[in-house]
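Coordinate analysis (summary)
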Amino acid sequence: SNINLQSDGITHDGIDLVDGSDITVQNCAVRSGDDAMCLKTGVRRGLTSVTVKDSFFSGSNGGSNGIKFGTASYGAFKDIRVQDDYVKDIQYAAMAVESRQGADVNAVAFRRIELANVGSAFFVYLAQQASTHPAGDVPKLGTMNDVSFTDIAGATAGWPNSPHQGSLITGHVYNGTTYRITNLGFTNVAVTWQGGRTTVPG
């Protein structure tokens, strides 16, 4: 609580939470050259019962993402609340929820988030690489269920490294099986996208 943090390096995250439970981050101001607020899981128990609230997350020279789950994402992300935060000056996503390495994502709620000058508002990505695992464990495939965004407001902007200006939201096909995101909700979202595309990206 009550931390003012500036971490300018291109690979320097602001705050990383890796595996644990009953954690609160509040009343913080973070300016980062990479991900400002990053939640990660390296073992199966992962992160549970986490609250990130009443904080400001921004990028130094754009940084990478504002509030991000992953890329390290093997264990659980469960019962996580991100609320009453402000995200600004981020070249990629204001809010990124990723399961790339087998994480089971469940009951993640973003509420009352404001954003400004970000490359994208949302990035929701269920990928099935199934090749990375901790010592003594095995590769596994992840799931993503009950992720919600409520009372979100702000605008995107163009960044040289993030020109798409939309929001990638996708499941994945792995070995011929489709892995779907389930119960994904958007309620009272007022986001203005810069737009400008004349063709559909690849």
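Quick caveat, the model's predicted, so the values are computed rather than measured.

1. Points about a nonpolar patch on the surface
Together, Ile169, Phe186 and Val189 make up an exposed nonpolar region whose accessible area comes to about 210 Å². Structurally, Val189 can be placed in strand S15 (residues 182–192). Note on Val189: relative accessible area 30%, which makes it partly exposed.

2. Thoughts on the pairing of strand S7 (residues 56–59)
Of the strand pairs in this sheet, strand S4 (residues 29–32) and S7 are connected by 4 bridges, and their pairing is parallel. Looking across to S7, one finds that Ala29 is bridged to Phe56. Note that S7 and strand S9 (residues 76–99) share 3 bridges and pair parallel. Residue Phe56 lies in a different strand from S9, and its bridge partner there is Tyr86.

3. A few points about the environment of Gly46
As for its position among the elements, Gly46 is in the loop between strand S5 (37–41) and strand S6 (47–53). For Gly46, a relative accessible area of 1% corresponds to the buried category. In sequence terms Gly46 and Arg197 are 151 residues apart; their C-alpha atoms lie 39 Å from each other. Among residues more than four places away in sequence, those in contact with Gly46 are Asp19, Gly20, Thr41, Gly75 and Ala76.

4. What to know about the nonpolar core
Generally speaking, soluble globular proteins have nonpolar side chains that are buried together. Core analysis: the biggest nonpolar cluster contains 38 residues, and Met37, Phe69, Ile80, Met95, Phe110, Phe149 and Ile152 have the highest contact counts within it. Breaking this core down by element, the ones donating at least two residues are strand S2 (15–18), S5, S6, strand S8 (67–73), S9, strand S10 (104–126) and strand S11 (143–156). Per-element tally for this core: the top contributor is S10, with 10 residues. Excluding residues that lie within four positions of it along the chain, Met95 makes contacts with Ile67, Phe110, Ile113, Leu115, Ala121, Phe122, Phe123, Phe149 and Ile152. Counting residues in each nonpolar core, the second largest holds 5 residues, with Ala93, Ala96, Phe123 and Tyr125 among its members.

5. Some thoughts on the pattern of salt bridges
A full pass over the atoms with the stated rule returns 7 salt bridges. Of the charged contacts in the structure, one is a salt bridge between Lys40 and Asp13, with a shortest N-O distance of 3.5 Å. You can see Lys40 sitting in strand S5 and its partner Asp13 sitting in the loop between strand S1 (4–7) and S2, a full 27 residues away along the chain. Residues Asp84 and Arg112 are paired through a salt bridge, measuring 2.6 Å at the closest nitrogen-oxygen approach. Note that Asp84 is positioned in strand S9 and Arg112 in strand S10, a separation of 28 residues in sequence. Judged by relative accessible area, which is 29%, Asp84 ranks as partly exposed. Using a relative accessible area of 39% as the deciding quantity, one classes Arg112 as partly exposed.

6. Focus on the packing of aromatic side chains
Here the structure, examined in full by the defined rule, presents 9 aromatic pairs. When the centroid spacing of 5.5 Å and the interplanar angle of 40 degrees are considered together, the rings of Phe56 and Tyr86 count as tilted. Of the two residues, Phe56 is situated in strand S7 and Tyr86 in strand S9; the sequence distance between them amounts to 30 residues. Plain terms: the ring middles of Phe69 and Phe77 are 5.3 Å apart, the flat faces sit at 70 degrees to each other, and that makes the pair edge-to-face. Both residues of the pair, Phe69 and Phe77, count as buried. Joined through ring pairs, the aromatic side chains of Phe69, Phe77, Phe110, Phe122, Phe149, Phe186 and Trp193 make up one cluster. Here the basic side chain of Lys140 rests over the ring of Tyr74, its NZ or CZ set 4.7 Å away from the ring centre.

Here is what the cut-offs are and how they apply
- Residues numbered from 1 in each chain as written.
- Predicted model: local features only at pLDDT ≥ 70, side-chain atom pairs only at ≥ 80, totals over all residues.
- Heavy atoms only, no water.
- Patch = residues over 30% accessible without salt bridge, like charges linked within 9 Å, V, L, I, M, F, W, Y side chains within 5 Å.
- Areas by Shrake-Rupley, 256 points an atom, 1.4 Å probe, with all protein chains shown as cover.
- Salt bridge = Lys/Arg side-chain N within 4 Å of Asp/Glu carboxyl O.
- Helix = DSSP H or I, 4+ residues; strand = E, 2+ residues; numbered from the N terminus.
- Buried < 20%, exposed > 50% of the residue type's maximum accessible area, 1.4 Å probe, protein only.
- Pairing = 2+ DSSP bridges.
- Contact = heavy atoms within 4.5 Å.
- Core = buried A, V, L, I, M, F, W, Y, C linked by side-chain atoms within 4.5 Å.
- Phe/Tyr/Trp six-rings, centres within 6.5 Å; stacked < 30°, edge-to-face > 60°.
- Lys NZ or Arg CZ within 6 Å of the ring centre and 35° of its normal.

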